[in-house]
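Residue strings, one per chain:
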Amino acid sequence: MGSNAGPKKTAGEGAGPTVKGVRIGDLLVRAGLLRETQLTEALALQKSWGARLGDIVLAKGWVRPFDFYSTLAAHFGKPFVNLIKEPPDTSLFVERDLPRYSELLVIPWRRRGGATSVAVADPTPEAMAFISDRFGSDAEQVFTSKFDIIWQLQHHGDAYFSELAVNELAASNPLQSARQVFTSRQLWSLGLCGALGLASLSCSSISTLILFNILVALFFLLNFGMRSLLVWVGGAPQIDIKVTDAEVAALDERELPVYTILVPMYREAAVLPKLAGALRRLDYPLAKLDIKLILEEDDEETINAAKELGLEGIFEIIRVPPSFPKTKPKACNYALNFARGEFITIYDAEDMPEPDQLKKVIGAFAKASANTACIQARLNYFNANENWLTRMFTLEYSLWFDFYLPALEALKIPIPLGGTSNHFRMPVLRQIQAWDPYNVTEDADLGVRLTQHGYRVGVVNSTTYEEANSRVGNWIRQRSRWVKGYMQTFLVHMRHPVDLYRSLGHVGFWGFQFFIGGTVINMLVVPMLYGIYSLWLFSGTRMLEVAFPHAVLYLSLFNFLLGNSFLVYIAMVGAFKRHYYSLIPFAVLSPLYWLLMSVAAYKALWQLVHDPFYWEKTTHGLSKVDSSDIMGPVADCA
Amino acid sequence: MRDLFAPRNLLLFLLLAMVLGGCTIWLLAHNYINDVSLERCARLQAILDAPQLRFENLGLVYPHLPFYLLMPFFFVPGLSPVLAPYLTTIVVGAGLLVIWQHHLAGQGYSAWFRAGLLIAVVAHPYFLWAVTAGTVQDALSLVLFYAFYRTLTLLAGERDIRSFIVLALILATYFFVDERAVFLFIALLPLLPLVAPRRMIRESPLSVYAVVTFPFLASVASWAYLNWIFSNDPWLFWNSPESSFRGGWFRAPDVEWLRLYGGMWLKPILVSVGYALIAFPAFVWLLARVRRDRPLFAASAVLFLHPLIAIGFGTMKYFITHPMAMLFLFSSGLMAGMSLLPALDRRGRRGALAVLLFGVIGGWYSLNWAPDPEIRQWRDAFVGEQLVPRHQGDIALGQWLRNHRQATLMDENGGFRVIVARGDAKSLMLSFSDEFKMALKRQVPNVEQIAIPDPAGVNATGDRIDREYPLLYSRGMENFALVYDGGGWRVYRRKEM
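Residues numbered from 1 in each chain as written. Chains lettered and ligands numbered in written order. Predicted model: local features only at pLDDT ≥ 70, side-chain atom pairs only at ≥ 80, totals over all residues. Heavy atoms only, no water.

Digging into the nonpolar core
For clarity, the cut-off: As used here, the term nonpolar core means buried Ala, Val, Leu, Ile, Met, Phe, Trp, Tyr and Cys residues forming a set that is joined through side-chain atoms within 4.5 Å. Relative accessibility decides the category of a residue: with a 1.4 Å probe and only protein chains considered, values under 20% of the type maximum give buried, values over 50% give exposed, and everything between is partly exposed. Runs of H or I in DSSP of at least four residues are treated as helices and runs of E of at least two as strands, each being numbered from the N terminus. Should any heavy atoms of two residues lie within 4.5 Å, those residues are considered in contact.
By size, the foremost hydrophobic cluster in this structure holds 359 residues, and its most contacted members are Trp435 and Leu450 of chain A together with Trp100 and Phe175 of chain B. Ranked by residue count, the leading element in this core is helix α15 (residues 388-411) of chain A, at 13 residues. Beyond its immediate sequence surroundings of up to four residues, Leu450 of chain A is in contact with Ala373, Cys374, Phe424, Val428, Ile432, Tyr455 and Val457 of chain A. Counting 16 residues, the second largest nonpolar core, distinct from the first, contains Leu409, Met429, Val447 and Phe480 of chain B.

Written as structure tokens, this is what we have:
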């Protein structure tokens, strides 16, 4: 993208006509679009980043895209067209090529004199080869801005891209899509179990209750055992892919690939400036960032706010046209069509990733096995100490991301990815048809799907700080969506349990049962047990004794006393490992937090039946804590 | 880990088990029988012979894990249950020694040196007591404290989160193994800052304590909860006269150590330091050896101070009856210390062996000072003295009851030896059974037969039948005839109507 470019040469370089061989940087200076000092700095950055000069000046926001691309056209001696004023002839569009247009920043513009004029923003050899292949060797090139191409593609290709975003997975692999909530076989199985349970209850109610108690007690015992194992494995000093500061410093920025960052947002105009600041602070060559602000077309407020910010060229606004289901994964799938990175990640609007996260991920991929397709960064909260709920939420997250996920990875159990900061190799993500738009925890589902396809998911020692929900209602909405998504994920992958067993192996299969299915069952059963216990405690009734023969009673007592104590303890340990010392005493309040989870779980169950694809939107920006005031050190234990 | 089960280690295990077994046979052949182990056997026999197997029938005033370890031996055909505690301690002791040898081998020591260390440890009377006296909790304490001290040393050096978790879980488990846990737990608290990472202690000392102590406190709270639901008194395990958690509290006047130092804390510590220096001079050597390695020195200092502080606190609360009851843990500490010490040179190896062997002599010598009656018996039997068989009256009654198998009301707290001598507890109405509780509510128990100890005798302590019917032993009861009288026991049988 300019004759001062780095390793990736443009087609015009050294071959095409130029403005008397004047380099693009000099042209920009001569045109008064770039200052001399900026050019000097850009050239220095070009040397250290290995990026193209054009990408650098756009990433820095020193030159407006329109000015840059018109200068680039002059540099190559080609005409420049403004696609907004002179729109393309859409009859020339070939629908199946739309993703390639987006990838190569090429678009057929008009037919002139029997030849096709092709608008191009980045005349790379791949783009030239594509033009020649699709439009003939006599195709004429005109230059335009990449933003014009993206806008035109979105404008005219929205139906196609929407269809891809919504139905690609469901059409090509319906068994792995949550579009159908229950299969008929699953419904029959559920009905049969229910009928058997009722029949048994009517024939022999006491024996049935005893059997139920035995099953529940054994389930909790195994669940306790599983979590103990995860804490033990997750507590190992070298459990996750650790990338040291020295390794980060040793990375050659010239070798770093283009990195796409997706930021799905909805009605979050207020957090935009902070988000842009956090992304700018990333320790990664800006010119190699491909940031997509994914906004819903009806969200005028955020779109306008983004426009008003006058963001640099690395930021692109992707407007997602309205279609059902209105979910984050659908929006991400839509934006994926415009992504150009070798790696891709997702951040939420309020996220504060550690600045060196992208580099750490690159380092982690380099260290990981070849089949590692995704690296999950740890998530935690910047407003942990805001109130009781944020404290409990932080305790939970610390345990989840600092112990459980690394342990799941080590044990080769499918990892339910966190909502953000999961970093993918782009080709693999595309190959498995990206996110399931019908699943409301698409990330968890994707983690399992990747494992089923023979890929691995790793965890890296870098944290993204998010905003913990500080209000109970909002928290329940968010959690109910997560639990509903877990239910969907469990139902999807358990459509053919034998196949799942074959693809995951016994450890992976049982790990999936307990970590995904077990988590949901746990939340649903806990209130029943609390209720039975309260009834016994406060009424002193002996009626319940018949349902608890001695062996069952002992097992239940073991679970109640040691199991619960252990779960409280590991919450403490999670905070301890993360040096959130002030949160440790709050771990004893975990049972109340579990109860709150159960409320969300029942809401999720209700929604699974009545409104399975409804996306419970979490409101962000409620915290009174300044996100820049991140609490505590980020380092691992000692 | 796989190496641990290598054939050479299995062979070593068998060899050690034979050695420890030989020592135990020698002790038993000289009429040594440990009362605590006997009582545990009787309790286990009683609940296994009860119509319904209920764990609460074991009583909630003892740590339970040793009971569960004994249980499998009760199902071995032809094996007398009395031997179960001895076999358990032998297995545990030999296992610990093999693990230790395995760790030493990892240090690159020669087989000869390891054998020398092994002999020096096994010959020490404090270690021998723990693995041959049939006190399962002592043998298990050795194992747990070996792991505990190794973790402590690792924590001082590596500071990973796992070490904290292991440390905390060992303490939590220990509460269910041995009554001493409470005192050792409290003794650890002032020492924790010595081994915990400085940064953590500086930033949040409370969090370090919370993470290390919570599981132990949860164990105590769980036990209190179980006491509450099964006996309506959450603190029964602490308040009951039968509680082993109180150690020598209820028999303090009979115990020489408690007569001398009971209620004090500094003096018993100072005296125990004397014991420690005589019986374990190797600790001085160890501390001198690691004086320049701060984490190792801190950890070794904790190994040395921990049981001593526990002795001070335990004596103050009239719990321990002899410093050896805590000092035997030094064996574990030394073993752990040796296994983590940087590899010794030739001079260091000689020095280690020399101080350990001195300790063996000092240890045997120290047993002469204010020994607990149980320890005295063990020592006498070990040196070849034929002990006078004790509790003949109990044995005689047990044999008599074996031949007169009527349903008999009896309190096993005083009659545990009777149960062991009888060989089973079938048709006995023991204190945990509903029949026993119902019977004692009546003015005249509706039972076939009642066995009652002499209220003035040692078996009467805590005997509920004596307490409920204070005149029964001396005067009998309406409609009951005296059918057995001897050895401090009487049996009354309901007259035929």
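So, next bit.
Topic: unusual backbone geometry
For the bond running from Phe324 of chain A to Pro325 of chain A, omega is 0°, close enough to zero to count as cis. Structurally, Pro325 of chain A is set in the loop between β6 (315-320) and α13 (328-336). For Asn232 of chain B, which is not glycine, the phi dihedral falls at a positive 65°. Assignment of secondary structure puts Asn232 of chain B in the loop between α12 (205-231) and α13 (236-239). Even without glycine at this site, His391 of chain B takes up a positive phi of about 55°. Summarising the element assignment, His391 of chain B is placed in the loop between α21 (373-382) and α22 (392-403). Judged by its relative accessible area of 26%, His391 of chain B is partly exposed.

Side note on the interface of chain A and chain B
It is common to give the size of an interface as the accessible area that goes away when the parts come together. Applicable threshold: Joining two parts hides part of their accessible area as seen by a 1.4 Å probe, and the buried area is that hidden amount summed over both. Distance and chemistry together define a polar contact, namely a pair of N or O atoms within 3.5 Å, with one atom able to donate a hydrogen and the other to accept it when in protein, and with adjacent residues in sequence counting only for side-chain atoms on both sides.
Counting residues at the interface gives 31 residues for chain A and 30 residues for chain B. Here chain A packs against chain B, burying approximately 2700 Å² in sum over the two surfaces, 77% of which is carbon and sulfur. Of all residues in chain A, Tyr569, Phe576 and Tyr581 of chain A give up the largest surface area on contact with chain B, accounting jointly for 24% of the area buried on that side. Counting every contact that joins chain A to chain B gives seven residue pairs in polar contact (both at pLDDT 80 or more). Of all elements in the fold, only α9 (205-234), α19 (497-539) and α20 (550-577) of chain A reach the threshold of two or more residues within the side of chain A that touches chain B. In terms of residue count, the dominant contributor to the side of chain A that touches chain B is α20 of chain A (14 residues).

Re the pairing of strand β7 (residues 343-346) of chain A
Residue and element names in this part refer to chain A. Spelled out, the test is: Here, any two strands with at least 2 DSSP bridges between them count as paired.
Every second residue of β7 is oriented toward a common face, with Phe343 and Thr345 on one face and Ile344 and Ile346 on the other, all of them buried. Pairing geometry for strand β4 (residues 259-265) and β7, over four bridges, is parallel. When the sheet's bridge partners are listed, Tyr259 is paired in β7 with Phe343. Pairing of β7 with strand β10 (residues 422-425), which is carried by three bridges, proceeds in the antiparallel orientation. Pairing of Thr345 across the sheet is with His423, part of β10.

A closer look at the sheet that holds strand β1 (residues 408-409) of chain B
Residue and element names in this part refer to chain B. Pairing in this open sheet of five strands is mixed, and the strands run β2-β1-β3-β5-β4 from one edge to the other. Strands with a single pairing partner mark the edges of an open sheet, and in this sheet they are β2 (428-429) and β4 (480-486). Bridge analysis of β1 against β2 gives two bridges, and the strand direction is parallel. Pairing of Leu409 across the sheet is with Met429, part of β2.

Focus on the domain arrangement of chain B
Residues and elements named next belong to chain B. Going by this rule: Reported domain spans reflect what an automatic or database domain assignment gives. Throughout this description, the term salt bridge denotes a Lys or Arg side-chain nitrogen within 4 Å of a carboxyl oxygen of Asp or Glu. Three classes are used: nonpolar for Ala, Val, Leu, Ile, Met, Phe, Trp, Tyr, Cys and Pro, charged for Asp, Glu, Lys and Arg, and polar for all others, with Gly counted as polar.
On domain assignment, one finds that chain B holds domain 1 (2-382) and domain 2 (392-494). In this structure, domain 1 and domain 2 have C-alpha centres spaced 36 Å apart. Here domain 1 is connected to domain 2 by three salt bridges. Between Glu242 and Arg464 there is a salt bridge, with its nearest N and O atoms 3.5 Å apart. Taken together, the connections running from domain 1 to domain 2 amount to three residue pairs in polar contact (both at pLDDT 80 or more). In terms of residue class, the side of domain 1 that touches domain 2 is made up of seven nonpolar, two polar and five charged.

Re the sheet that holds β6 of chain A
Residue and element names in this part refer to chain A. Across the sheet, eight strands lie side by side as β6-β5-β4-β7-β10-β9-β11-β8; this open sheet has mixed pairing. Of all the strands in the sheet, just β6 and β8 (352-353) have a single pairing partner and so form its edges. Note that strand β5 (residues 289-296) and β6 share six bridges and pair parallel. Residue Glu296 lies in a different strand from β6, and its bridge partner there is Val320.

Re the packing of helix α18 (residues 472-493) of chain A against helix α21 (residues 590-610) of chain A
To describe two helices that pack against each other, one gives the angle between their axes and the distance between the axes. Residues and elements named next belong to chain A. How we decide: Angles here are taken between N-to-C directions and fall from 0 to 180 degrees, while the axes themselves are lines fitted to C-alpha atoms, restricted in helices to the stretch in contact. For classification, angles of less than 35 degrees are called roughly parallel, those exceeding 145 degrees roughly antiparallel, those between 65 and 115 degrees roughly perpendicular, and all remaining angles oblique. Should the near helix be turned anticlockwise from the far one by less than a right angle, the crossing is termed left-handed; should it be turned clockwise, right-handed.
Orientation of α18 relative to α21, taken along the N-to-C sense of each, is 60°, at an axis distance of 7 Å. By the angle between their directions, the pair α18 and α21 is classed as oblique. Where α18 crosses over α21, the two elements pack in a sense that is right-handed. Between α18 and α21, the residues in contact are Val472, Trp475, Ile476, Arg477, Arg479, Ser480, Val483, Lys484, Met487, Gln488 and Leu491 and Tyr593, Leu596, Met597, Val599, Ala600, Ala601, Lys603, Ala604, Leu605, Gln607 and Leu608, respectively. For the contact of α18 with α21, the class distribution of residues is 15 nonpolar, three polar and four charged.

Things to note about the side chain of Thr71 of chain A
Residue and element names in this part refer to chain A. Relative to the helices and strands, Thr71 is located in helix α4 (residues 65-76). Residue class for Thr71 comes out buried when judged on its relative accessible area of 9%. Among residues more than four places away in sequence, those in contact with Thr71 are Ile24, Leu27, Leu28 and Leu33.

Focus: the domain arrangement of chain A
Looking at the assigned domains, one finds that chain A contains domain 1 (1-77), domain 2 (89-164) and domain 3 (201-223 + 236-255 + 347-638). For domain 1 of chain A and domain 3 of chain A, the distance between their C-alpha centres works out to 48 Å.

Overview of the packing of aromatic side chains
This is how it is decided: Ring pairs are drawn from Phe, Tyr and Trp, using the six-membered ring of Trp, whenever the two centres fall within 6.5 Å, and their geometry is named by plane angle: stacked under 30 degrees, edge-to-face over 60, tilted for the rest. Either the NZ atom of lysine or the CZ atom of arginine qualifies as a charge over a ring when it sits within 6 Å of the ring centre and within 35 degrees of the ring normal.
Scanning all chains against the criterion turns up 76 aromatic pairs over all chains. Ring centres of Phe224 of chain A and Phe558 of chain A lie 5.9 Å apart, and the angle between their planes is 65°; this geometry places the pair in the edge-to-face category. Here Phe224 of chain A, found in helix α9, pairs with Phe558 of chain A, found in helix α20; they are 334 residues apart in sequence, far enough to count as distant. What makes Phe224 of chain A buried here is its relative accessible area of 16%. The interplanar angle of 85° and the centroid separation of 5.1 Å between the aromatic rings of Phe509 of chain A and Trp510 of chain A together place this pair among those described as edge-to-face. By relative accessible area, which is 47% here, Trp510 of chain A ends up partly exposed. Three or more aromatic residues joined by ring pairs form one cluster here, namely Tyr381, Trp388, Phe393, Tyr397, Phe401, Trp475, Trp482 and Tyr593 of chain A. Here the guanidinium or amino end of Arg349 of chain B rests over the ring plane of Phe113 of chain B, the centre of that ring lying 6.0 Å away.

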